[in-house]
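# Structural overview for review
The primary structure of each chain is shown beneath.
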Amino acid sequence: MATKRIECQGVVLAATAYGESDKIICLYTERAGKLSVLVKGAKSRRSATVALSEPFTFGLYRLSAGKSFYYLNSGKILQANMGLRKNYDNMVYASALVEIVDKSSMEDEGTARIFSLIRKALHELSLTEAPLSVFLGFLIKYLSFMGYRPMLPESDEGSYVFLSDAGAVEADGAAGGEPLDGRDIYTLRHLLYTSLDKINLEDLDKATLEKIYRLLKVYTVVNLQLDNIQSLQLRM
């Protein structure tokens, strides 16, 4: 039986040492979803596969299917996103992004739409001076693509609270939840409907931005059923 071979674009979500010289990478691909890929010699600095196995790398990967995972035959880097390593905050949010995707995705499952979102978000995080805004924009879009879009009112007028399992609902009759004002609702809608490269929260006060971060973080953990988001514990 012929070995299955595929060529696909992918983003490295994580890398784990395997044996003395190899790595297994978690690769989110455009065509085949999330794959586990064995990269021979990736722990050697002289290996041509080192850069292809680094987290955040966007590249073209040529793979062969094995019994337990795929094998990397060759590839080329399309975008290394090296800018992420120049700023601590950008690195933290990029790490949280790939952690969330890895933990909430099943092997051999995924969509081209989510792949494109991951690729664009990492690229923007490598460039931006406002990484939290980009991360929150990614988060609310990713939740929506995964089927957990938070409820948001069409207008920022009215009395609403944010529930960790539903989003913004009318305060009248709601059990618990955190009260939302007009600015909170506007910010959530801006993050959801604005492309990542156009998000602009420069005029937003820090307290409101932190509130939105807290609400979306809890909403993400609850709806994606995550134990935690370990990378965000490094946030300063």
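Just so we're clear, the structure is a prediction, and the values are computed from it rather than from any experiment.

### Focus on the overall build of the protein chain
Counting its secondary structure elements, the protein chain contains five helices and eight strands. Computed over the C-alpha atoms, the radius of gyration of the protein chain is 19 Å, within 12% of the 18 Å expected from 2.2 N^0.38 for a compact globule of 236 residues. Oriented by its inertia axes, the alpha-carbon framework of the protein chain measures out at about 60 × 40 × 25 Å. The buried share among the 236 residues of the protein chain stands at 47%. Put simply, 60% of the contacts in the protein chain that link residues at least 6 apart link residues at least 24 apart. Measuring between centres, the 28 positive side-chain charges of the protein chain sit 11 Å from its 28 negative side-chain charges.

### Some thoughts on the pattern of salt bridges
Side-chain pairing between opposite charges can occur once the charged atoms of the two side chains come close. What the rule picks out here adds up to eleven salt bridges. Here Lys 23 ties to Glu 54 by a salt bridge, and the two come within 3.6 Å at their closest N and O atoms. Taken together, the residues Lys 23 in strand S2 (residues 22–29) and Glu 54 in the loop between strand S3 (33–39) and strand S4 (58–65) connect sequence positions 31 residues apart. A residue is classified by how much of its surface remains accessible, and Lys 23, at 16% relative accessible area, is buried. With its nearest N and O atoms 3.4 Å apart, the salt bridge here joins Asp 205 to Arg 183. Of this pair, Asp 205 sits in the loop between helix H4 (182–193) and helix H5 (206–223) while Arg 183 sits in helix H4; the two residues are 22 residues apart in sequence, bridging distant segments of the chain. Among the residues examined, Asp 205 registers a relative accessible area of 31% and is labelled partly exposed. Among the ionic contacts, a cluster of salt bridges with common partners joins Lys 23, Glu 54 and Arg 85.

### Quick word on the sheet that holds strand S5 (residues 70–79)
The strand order around the closed barrel formed by five strands is S1-S2-S3-S5-S4, and the pairing between neighbours is mixed. The average undirected angle you get between the axes of adjacent strands in this sheet is 50°. Alignment of strand S1 (residues 5–18) against S4, held across seven bridges, turns out to be antiparallel. The residue bridging Arg 5 from the neighbouring strand is Ser 64, located in S4. Here helix H1 (residues 88–104) sits on the sheet in contact with S1, S2 and S3, set at roughly 105° to S1. Sheet strands touched by helix H2 (residues 112–127): S1, S2, S4 and S5. Its angle to S1, the strand with the most contacts, is close to 60°.

### Notes on H1
Between its first and last C-alpha atoms H1 spans 24 Å; for 17 residues at 1.5 Å apiece the expected length is 24 Å, and the two agree. Residues of H1 that are buried include every one of Asn 90, Val 92, Tyr 93, Ala 94, Ala 96, Leu 97, Val 98, Glu 99, Ile 100, Val 101 and Ser 104, and no others. The secondary structure elements touched by the buried residues of H1 are S1, S2, H2, helix H3 (131–145) and H5.

### Remarks on the pairing of strand S7 (residues 167–170)
The pairing of strand S6 (residues 160–163) with S7 spans four bridges and is classified as antiparallel. Paired with Val 161 across the strands is Val 169, a residue of S7. Counted along the chain from S6 to the antiparallel partner S7, the turn is three residues long.

### Structural notes on H4
Compared with an ideal rise of 1.5 Å per residue, which puts twelve residues at 16 Å, H4 spans 16 Å between its outermost C-alpha atoms and is within 8% of the ideal. Regarding H4, the residues found buried are Asp 184, Ile 185, Thr 187, Leu 188, His 190, Leu 191 and Leu 192. Each element contacted by the buried residues of H4 is listed here: H3, S6, strand S8 (178–180) and H5. Two or three places before Arg 183, at the opening of H4, Asp 181 has a side-chain oxygen 3.1 Å from that residue's backbone nitrogen.

### Describing the sheet that holds S6
Strand order in the open sheet formed by three strands is S7-S6-S8, with antiparallel pairing between adjacent strands. In this open sheet, the two edge strands, each paired with only one partner strand, are S7 and S8. Along the sheet, successive strands turn relative to each other by an average axial angle of 40°, direction set aside. Where S6 and S8 come together, three bridges link them in antiparallel fashion. Bridge pairing in S8 places Val 161 opposite Pro 179.

Calculation rules
Residues numbered from 1 in each chain as written. Predicted model: local features only at pLDDT ≥ 70, side-chain atom pairs only at ≥ 80, totals over all residues. Heavy atoms only, no water. Helix = DSSP H or I, 4+ residues; strand = E, 2+ residues; numbered from the N terminus. Rg over C-alpha atoms; globule rule 2.2 N^0.38 Å. Buried < 20%, exposed > 50% of the residue type's maximum accessible area, 1.4 Å probe, protein only. Contact = heavy atoms within 4.5 Å. Lys, Arg positive; Asp, Glu negative; His and termini not counted. Charge placed at Lys NZ, Arg CZ, Asp CG, Glu CD. Salt bridge = Lys/Arg side-chain N within 4 Å of Asp/Glu carboxyl O. Pairing = 2+ DSSP bridges. Axes fitted to C-alpha atoms, helices over the stretch in contact; angles between N-to-C directions. Expected span 1.5 Å × (residues − 1). Polar contact = N/O pair within 3.5 Å; in protein donor to acceptor, adjacent residues only side chain to side chain.

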